[in-house]
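# Architecture at a glance
So the chains spell out like this:
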Amino acid sequence: MLRAACHEVVGLDTFYFEDCTLGSDLDNVPALRKDIRDIRESDLIGFDAVAHLAALCNDPLGDLHPEWTHDINHQASVRLARMAREAGVQRFLYASSCSMYGASGGDAVLTEEAPLRPITPYAVSKVRTEEDVEKLADRSFSPVFMRNATAYGLSPRLRADVVLNNFVCWAHTTGRVRIMSDGSPWRPIVHVQDISRAFAAALVAPRDVIHNQAFNVGANGENYQVRELAEIVRSTVPGCTIFYAEGASPDPRSYRVDFSKLARSFPHFKPEWNASFGAKDLYAALQEAGITLADFEGRKFIRLTQIKHLLERGDLDGALTWTHRRTTDAAAAVSGGRS
């Protein structure tokens, strides 16, 4: 999407999930193979903007070793922002999360001004990063905090460990939707393509609109209770049924979110997906790819399982650092105005 908007794009990633693909990659983007904990200021010279998406990406992974989440998601993110500012980067888009609202309770709809009540190490890391990075804002450096709703949808590196994708994968491979809670918690969700559109809009928005601002990323019609998402999947996958895991109980993580600020600030940004369309699209892709239960429960689509695999094989050490030298893609050495 950024290339289509005429941005020159370079990636930077540690490539834990390089072979965790569904089909083939959409594009061959030049990339630096580097852990964000190892980034130097020189890596950032010449860029106009940084879209910082890198993190240990969900609650089970964050709970596995909370200090990893603190080290990578919080400390390395703040260090990256500080170096970006020193390197002359003007705009820093941070992939934050609506999970920061955590145990909001009740049915109140939460704006960006709502109290933050993080429950998990992942959500805490997002809160602390926002608090520290906002202090770096100045006349030449504009942080933007994109508080994404729970992601879903088909992508080249599909994740099956996010709620709607998980339900569709269960339904496709077993004929059942498994709910781990009592189904009552609220979740706002947003398609990965709409997240991309929101970031693209924030990259080019006037500075006075985005400077040191937080935006909930999603659409007001896309807040669902978990059981509602299960019903959408049941209506999508013929013959599937819903069941509740043994001992299912209310999940304290429950929040409904207001996305009006995003719509006001970026009037040309229009989300194009909803849960029903996304579930149908993913189900069709799983059918076409012939995804089995073994595939679904394997390492390719569950981030925690892949990390455990790399640890058990000795590819990663106890700090989640590669134990063998990874080469840097020479194609990433691109100069000039880049984002």
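About the thresholds
- Residues numbered from 1 in each chain as written.
- Predicted model: local features only at pLDDT ≥ 70, side-chain atom pairs only at ≥ 80, totals over all residues.
- Heavy atoms only, no water.
- Helix = DSSP H or I, 4+ residues; strand = E, 2+ residues; numbered from the N terminus.
- Rg over C-alpha atoms; globule rule 2.2 N^0.38 Å.
- Buried < 20%, exposed > 50% of the residue type's maximum accessible area, 1.4 Å probe, protein only.
- Contact = heavy atoms within 4.5 Å.
- Areas by Shrake-Rupley, 256 points an atom, 1.4 Å probe, with all protein chains shown as cover.
- Arc of directions from axis to C-beta.
- Pairing = 2+ DSSP bridges.
- Axes fitted to C-alpha atoms, helices over the stretch in contact; angles between N-to-C directions.
- Salt bridge = Lys/Arg side-chain N within 4 Å of Asp/Glu carboxyl O.
- Polar contact = N/O pair within 3.5 Å; in protein donor to acceptor, adjacent residues only side chain to side chain.
- Phe/Tyr/Trp six-rings, centres within 6.5 Å; stacked < 30°, edge-to-face > 60°.
- pLDDT = per-residue confidence, 0-100.

### Section: the overall build of the protein
A tally of regular secondary structure across the protein gives eleven helices and 13 strands. Relative to the compact-globule value of 20 Å for 339 residues, the protein shows a C-alpha radius of gyration of 20 Å, a close match. The dimensions of the protein, computed from C-alpha atoms along their principal axes, are 55 × 45 × 35 Å. By the burial criterion, 50% of the 339 residues in the protein qualify as buried. A sequence separation of at least 24 residues applies to 81% of the contacts in the protein between residues at least 6 apart. When the accessible surface of the protein is totalled, it reaches about 15,300 Å², and 51% of it is carbon and sulfur.

### Here's the deal with helix α11 (residues 303-312)
Structural remark: α-helix, 3.6 residues per turn; residues separated by three or four positions point the same way. Among the residues making up α11, those that are buried are Arg 303, Leu 304, Gln 306, Ile 307 and Leu 310. All buried residues of α11 project into a common sector of 165° when viewed along the axis, lining one side. At the C-terminal side of α11, Gly 314 shows a positive phi close to 85°.

### Thoughts on the sheet that holds strand β4 (residues 91-97)
Pairing between the strands of a sheet comes from backbone hydrogen bonds, and it takes one of two forms, parallel or antiparallel. Ordered by their spatial adjacency, four strands build an open sheet running β3-β4-β6-β10, and the pairing between neighbours is parallel. Both outer strands of the open sheet, β3 (49-52) and β10 (213-217), are each paired with one neighbouring strand and no more. Within this sheet the neighbouring strands show an average axis-to-axis angle of 20°, counted without direction. Note: strand β6 (residues 142-148) against β10, five bridges, orientation parallel. By the bridge assignment for β10, Val 144 is matched with Gln 213.

### Focus on the sheet that holds strand β7 (residues 150-152)
If you trace the three strands from one edge of the open sheet to the other, you get β7-β9-β11, paired in mixed fashion. Either end of the sheet is taken by a strand with one partner, and the two such strands are β7 and β11 (223-225). Sheet twist, expressed as the average angle between the axes of neighbouring strands with direction ignored, equals 45°. Pairing analysis gives three bridges linking β7 to strand β9 (residues 186-191), with the strands arranged parallel. When the sheet's bridge partners are listed, Tyr 152 is paired in β9 with His 191. Here helix α5 (residues 192-204) sits on the sheet in contact with β7 and β9, set at roughly 70° to β9.

### With respect to the pattern of salt bridges
On inspection of all chains with the given rule, the structure shows 16 salt bridges. The closest approach of N and O atoms between Asp 71 and Arg 37, which form a salt bridge, is 3.1 Å. With Asp 71 in helix α2 (residues 66-86) and Arg 37 in the loop between β2 (31-33) and β3, this residue pair connects regions lying 34 residues apart in the sequence. For Arg 37, a relative accessible area of 16% puts it in the buried group.

### Side note on the side chain of Asn 148
With respect to the helices and strands, the residue Asn 148 is situated in strand β6. With a relative accessible area of 11%, Asn 148 lands in the buried category.

### Some remarks on unusual backbone geometry
In this structure, Cys 6 is a non-glycine residue whose phi angle is positive, near 70°. Within the secondary structure, Cys 6 is located in the segment before β1 (11-13). A positive phi angle is found at Phe 15, which is not glycine, with a value near 65°.

### Here we look at the side chain of His 52
Mapped onto the elements of the fold, His 52 is located in strand β3. Judged by its relative accessible area of 3%, His 52 falls in the buried class. There is a polar contact of 2.8 Å between the side chain of His 52 and the side chain of Ser 77. Contacts of His 52, omitting those with residues within four sequence positions, involve Ile 36, Ser 77, Leu 80, Phe 92, Leu 93, Tyr 94 and Ala 95.

### Comments concerning the packing of aromatic side chains
Going through the model one piece at a time under the given rule, you end up with six aromatic pairs. A ring pair is formed by Phe 92 and Phe 141, whose centres lie 6.0 Å apart and whose planes are at 45°; its orientation type is tilted. One end of the pair, Phe 92, is in strand β4; the other, Phe 141, is in the loop between α3 (121-133) and β6, with 49 residues separating them in the sequence. Among the residues examined, Phe 92 registers a relative accessible area of 1% and is labelled buried. For Phe 141, a relative accessible area of 0% puts it in the buried group. Judged by centre distance (6.5 Å) and plane angle (80°), the rings of Tyr 94 and Phe 145 are edge-to-face. With a gap of 51 residues between them, Tyr 94 in strand β4 and Phe 145 in strand β6 connect regions that are remote in the sequence. Just as Tyr 94 is buried, Phe 145 falls in that class too.

### A closer look at the confidence of the model for the protein
Summing up the model confidence of the protein, the mean pLDDT is 92 and the portion of residues at 70 or higher is 94%. A low-confidence stretch, residues 327-337 stays under pLDDT 50, and its non-local contacts, those more than four residues away or across chains, total 19 contacts.

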